[in-house]
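Summary of the model geometry
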Amino acid sequence: MIRFVVGLPLLVLVTVLGLVAETPGWTAADWAVGQVVHDARNPFLTGVAMLLNLGFGTEAGVVFSLVMAVFALVVRTPEAVRALLVVLAGWGTGALLKIVFDRPRPPAAFSMLGDMGDTSFPSGHVCLTAAVAVAAWVLTGRRWVVAVGAVLVVGQMLARVYLGVHYPTDVLAAVVAVAASSIIVLHGGPPHPRASRRAAREVIPSLGKMR
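Residues numbered from 1 in each chain as written. Predicted model: local features only at pLDDT ≥ 70, side-chain atom pairs only at ≥ 80, totals over all residues. Heavy atoms only, no water.

**Structural notes on the nonpolar core**
- Core analysis: the biggest nonpolar cluster contains 22 residues, and Met-68, Val-87 and Ala-135 have the highest contact counts within it.
- Where this core is concerned, the elements lending two or more residues are α3 (43–55), α4 (58–75), α5 (78–100), α6 (124–140) and α7 (143–162).
- A total of 6 residues in this core trace back to one element, the largest contributor, which is α5.
- In terms of nonpolar packing, the next biggest core, distinct from the first, is built from 11 residues, Ala-130, Val-161, Val-171 and Val-178 among them. (Core = buried A, V, L, I, M, F, W, Y, C linked by side-chain atoms within 4.5 Å. Buried < 20%, exposed > 50% of the residue type's maximum accessible area, 1.4 Å probe, protein only. Helix = DSSP H or I, 4+ residues; strand = E, 2+ residues; numbered from the N terminus.)

See the structure below:
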């Protein structure tokens, strides 16, 4: 029950962001911030942004989900199942919100990826990146994973705006949405590092017998 009490306000916040994001005044402010990011365009940053675009697109999301599903079936640990649920819930929440809030993308003329042709709120790439980052923490319980994940998520947020395919509100809403879904899924608390390492020691020998 507590997880819903904590996660529900975040879902409400995403809903509010989705409603105000469609107003002309908010969109104008969003666009102004986005243009500041566009002004920083250079070959190196473009390469990084394109790499993030490729690494966390729809196809990558399907691969991540399938790999984690197989991993959960083989390993059969609570951490593996939770990690899979985090990815599915986070990515799925973003997809659902895209249907609910049919916000057009920024003008295609400013997009470095051409005409994307679908809705902008929230960013699916950021949803997937954030969900994978949380899932990695669930599997490892390591602080450095949290730090790397945070850098990756922030980088993806900037990349989506940089490429001209999302407004700043879109990427912010994606992080809030994944935070909400992750809190609801991870109702049992964070993973314990020792438990995760013990589970790994038990699984590795069994995987070796399957060769």
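Having seen the model, we can carry on.
**Quick look at the packing of α7 against helix α8 (residues 168–185)**
- At a closest axis distance of 8 Å, the pairing of α7 and α8 adopts a crossing angle of 150 degrees. When the axis of α7 is compared with that of α8, the two are roughly antiparallel. Seen along the crossing, α7 lies across α8 with a hand that is right-handed. Residues Val-153, Met-157, Arg-160 and Val-161 of α7 pack against Pro-168, Val-171, Leu-172 and Val-175 of α8.
- A breakdown of the residues in the contact of α7 with α8 according to their chemical character gives 7 nonpolar, no polar and 1 charged. (Axes fitted to C-alpha atoms, helices over the stretch in contact; angles between N-to-C directions. Parallel < 35°, antiparallel > 145°, perpendicular 65-115°, else oblique. Left-handed = near helix turned anticlockwise from the far one by under 90°. Contact = heavy atoms within 4.5 Å. Nonpolar A, V, L, I, M, F, W, Y, C, P; charged D, E, K, R; others polar.)

**Quick look at the environment of Thr-23**
- Inspection of the secondary structure puts Thr-23 in the loop between α1 (2–21) and α2 (24–38).
- Here the alpha-carbon distance between Thr-23 and Arg-103, two residues 80 residues apart in the chain, equals 9.9 Å.
- Separated by 2.6 Å, the side chain of Thr-23 and the backbone oxygen of Val-20 make a polar contact. (Polar contact = N/O pair within 3.5 Å; in protein donor to acceptor, adjacent residues only side chain to side chain.)

**Some words on a nonpolar patch on the surface**
- Judged by side-chain polarity, Leu-8, Leu-11, Val-12 and Val-16 come together as a nonpolar surface patch covering roughly 310 Å² of accessible area.
- By the secondary structure assignment, Val-12 is in helix α1.
- For Val-12, a relative accessible area of 46% gives the class partly exposed. (Patch = residues over 30% accessible without salt bridge, like charges linked within 9 Å, V, L, I, M, F, W, Y side chains within 5 Å. Areas by Shrake-Rupley, 256 points an atom, 1.4 Å probe, with all protein chains shown as cover. Salt bridge = Lys/Arg side-chain N within 4 Å of Asp/Glu carboxyl O.)

**Some words on the packing of α6 against α7**
- Interhelical geometry of α6 versus α7 gives an angle of 175 degrees and a closest axis separation of 9 Å. Comparing their axes, α7 and α6 come out roughly antiparallel. On α7, the residues that touch His-125, Val-126, Thr-129, Ala-130, Ala-133, Ala-136, Trp-137 and Thr-140 of α6 are Val-145, Val-146, Gly-149, Leu-152, Val-153, Gln-156, Met-157 and Arg-160.
- Classifying every residue of the contact of α6 with α7 gives 10 nonpolar, 5 polar and 1 charged.

Functional significance is not addressed by these values, which are geometric in nature.
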